[in-house]
Amino acid sequence: MFGLFGKIKPVKIRSCNDSRKYGVAAKDVKELLKKGCKLLQLPLSGAHVCLYDDGTKVTDEYFKTLPDNTELVILSRDQTWSGGVVYDISQLLSASLYGDAIVKAAKGLLSDEKAPKRRKILTDLMQNLEDRSDLENRTDDEDWFKGVDTRFKTKSAYMRYNCESRIRGYMKEVVEATKTIEKAKVRTEFEKASRSLAEMLKNARNNGSYFDRTEEEPDRLCTQEGWFTCQGSFDQELCPSFHSINPYSSQESRVFFSTWNLDHRIEKKRTVIPALLDALQNHKSVDVNLNYFYRMLFTRENLKLVHIVCHKKGAHNLQCDTKEIFRRAGNTQKGKQKVVGRKRRLL
């Protein structure tokens, strides 16, 4: 240790706001700070120094053990440093750095990279950097529309159709449940209820707005740019993995988005449809709160958009609200008149 005392050590210094590096030689931290603050134009009072790599504070004793040319960061009194990796990532996320140069560099690295993990990281990076979500029309981004019917001229129109198709599928499951009903009276009332639900869904344009970025909030589930965020499994408030995707950005993202699910918190087949069937065993459809069942089957009140990893397929063990299943007594007569009128239109 005594042999190291007073030895001049060459290091590389930088500030936390500038990536430029400077070579400095010093025998201890005091001398390093004096030279470094002058070079970087930082106030000497309260200044301190840390490792670039992980932010470890550098003391006199630690300074003596550092290898030559170690990269250090000099900070003023109130500044902190979390490490070079954090800084590099924050710089990469800066919108000002997105451009052809980074894509070109990533492609160059990918062409020579053999390790599968590093190739995956570079591929994902390129996919996100080559974001074409700002393009909307088929004529501007033909690659995005590969495999998409020619009647769709914009991305938003196709995404709306995609959502409508999913939700129309839920209506088909309601209709198919009719086949399981043995009692004629119950079947008749269930068919009336199904027609009413179908009309409500039609009037809402099958809630296709959920995937359409041109819609207003809260009618859409994405940002104006088209970013969707996983809402977490049925029993979670948020997605712990922060899954997100922009199916408007590329064909690959559009295709992968098809694996995301609109998951019913209160399950459609196990709970909601059976609850509707049960309610009609001894009641007419006009006595049932069909608006509640519509919300449970087709709206975001009971639907969560989830990444395939967050989609739990086991039993949710959540039940319908028994207070909502039937119309309230005060509105029964009024409700009957409304449904009867609808019945005449539907027949």
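As a starting point, this report considers the structure included with it. Note that this is a predicted model, so its numbers are computed, not measured.

## Digging into the overall build of the chain
Secondary structure assignment for the chain yields 11 helices and eight strands. A total of 347 residues make up the chain; the buried ones form 43% of that total. Pairs at least 24 apart in sequence give 64% of the contacts found in the chain among residues at least 6 apart. Accessible area for the chain stands at about 20,600 Å²; split by element, carbon and sulfur atoms hold 52% of it.

## So, helix α7 (residues 184–203)
Compared with an ideal rise of 1.5 Å per residue, which puts 20 residues at 28 Å, α7 spans 29 Å between its outermost C-alpha atoms and is within 8% of the ideal. All of the buried residues in α7 are Val-186, Glu-189, Phe-190, Ala-193, Ser-194, Ser-196, Leu-197, Glu-199, Met-200 and Leu-201. One or two steps after α7, the chain reaches Arg-205, where phi turns positive at roughly 55°.

## Overview of the pattern of salt bridges
In the structure shown here, the tally under the stated rule is 20 salt bridges. Put simply, Asp-18 and Arg-20 hold a salt bridge, and the shortest N to O gap is 2.7 Å. The class for Asp-18 is partly exposed, based on a relative accessible area of 22%. For Arg-20, a relative accessible area of 53% corresponds to the exposed category. Put simply, Arg-160 and Asp-212 hold a salt bridge, and the shortest N to O gap is 3.2 Å. With Arg-160 in helix α6 (residues 155–176) and Asp-212 in the loop between α7 and β5 (228–229), the pair connects residues that are 52 residues apart, well separated along the chain. Taken together, the shared-partner salt bridges connect Arg-160, Glu-164, Arg-168, Asp-212 and Glu-215 into one network.

## Some words on the side chain of His-316
Relative to the elements of secondary structure, His-316 occurs in the loop between β8 (303–306) and α11 (332–346). A polar side-chain atom of His-316 sits 3.3 Å from the main-chain carbonyl oxygen of Lys-312. If sequence neighbours within four positions are ignored, His-316 has contacts with Phe-234, Asp-263, His-264, Arg-265 and Glu-267.

## Remarks on the state of the cysteines
Under the defined criterion, the tally for this structure stands at zero disulfides. The cysteine Cys-50 is free of any disulfide, with Cys-16 supplying the nearest cysteine sulfur at 8.8 Å. Overall, Cys-50 belongs to the buried group, its relative accessible area being 3%. This cysteine, Cys-310, is not joined by any disulfide, and Cys-230 carries the nearest cysteine sulfur, 3.8 Å off.

## Some remarks on helix α10 (residues 290–298)
Across the nine residues of α10, eight count as buried, placing the element largely inside the fold. Within the sequence span of α10, burial applies to Leu-290, Tyr-292, Phe-293, Tyr-294, Arg-295, Met-296, Leu-297 and Phe-298. The inward-facing, buried residues of α10 abut α6, α7, β7 (261–264), α9 (268–279) and β8.

## Re the sheet that holds strand β2 (residues 22–26)
Within the open sheet, the four strands sit side by side as β2-β1-β4-β3. Their pairing is mixed. The two strands at the open ends of the sheet, each matched to only one other strand, are β2 and β3 (48–51). Neighbour to neighbour, the strand axes of the sheet diverge by 45° on average, direction disregarded. Relative to strand β4 (residues 70–75), strand β1 (residues 9–14) runs parallel, the two being bridged by four bridges. In the strand pairing of β4, Ile-13 is matched with Leu-72.

## Section: the nonpolar core
Counting residues in hydrophobic clusters, the biggest one holds 53 residues, and the most contacted among them are Leu-197, Phe-211, Phe-228, Leu-262 and Phe-298. Secondary structure elements with two or more residues in this core: α6, α7, α9, α10 and β8. Beyond its immediate chain neighbours, meaning those up to four positions away, Phe-228 contacts Tyr-210, Phe-211, Leu-221, Cys-222, His-243, Ser-244, Ile-245, Pro-247, Tyr-248, Phe-257, Trp-260 and Leu-305. Listed in part, the 18 residues of the second largest apolar core include Val-24, Leu-40, Leu-42 and Leu-66.

## Thoughts on the packing of aromatic side chains
Think of a pair of aromatic rings as described by two things: how far the centres are apart, and how the planes are tilted against each other in angle. Per the stated rule, a full pass over the model turns up 12 aromatic pairs. Ring geometry for Phe-152 against Tyr-158: centres 5.4 Å apart, planes inclined by 85°, an arrangement best described as edge-to-face. One exposure class covers both Phe-152 and Tyr-158, and it is buried. Ring centres of Phe-152 and Tyr-161 lie 5.0 Å apart, and the angle between their planes is 45°; on these two criteria the pair is classed as tilted. Classification of Tyr-161 as partly exposed rests on a relative accessible area of 31%. Within the aromatic cluster, the residues linked to one another by ring pairs are Trp-144, Phe-145, Phe-152, Tyr-158 and Tyr-161.

Procedures and definitions
Residues numbered from 1 in each chain as written. Predicted model: local features only at pLDDT ≥ 70, side-chain atom pairs only at ≥ 80, totals over all residues. Heavy atoms only, no water. Helix = DSSP H or I, 4+ residues; strand = E, 2+ residues; numbered from the N terminus. Buried < 20%, exposed > 50% of the residue type's maximum accessible area, 1.4 Å probe, protein only. Contact = heavy atoms within 4.5 Å. Areas by Shrake-Rupley, 256 points an atom, 1.4 Å probe, with all protein chains shown as cover. Expected span 1.5 Å × (residues − 1). Salt bridge = Lys/Arg side-chain N within 4 Å of Asp/Glu carboxyl O. Polar contact = N/O pair within 3.5 Å; in protein donor to acceptor, adjacent residues only side chain to side chain. Disulfide = S-S within 2.5 Å. Pairing = 2+ DSSP bridges. Axes fitted to C-alpha atoms, helices over the stretch in contact; angles between N-to-C directions. Core = buried A, V, L, I, M, F, W, Y, C linked by side-chain atoms within 4.5 Å. Phe/Tyr/Trp six-rings, centres within 6.5 Å; stacked < 30°, edge-to-face > 60°.

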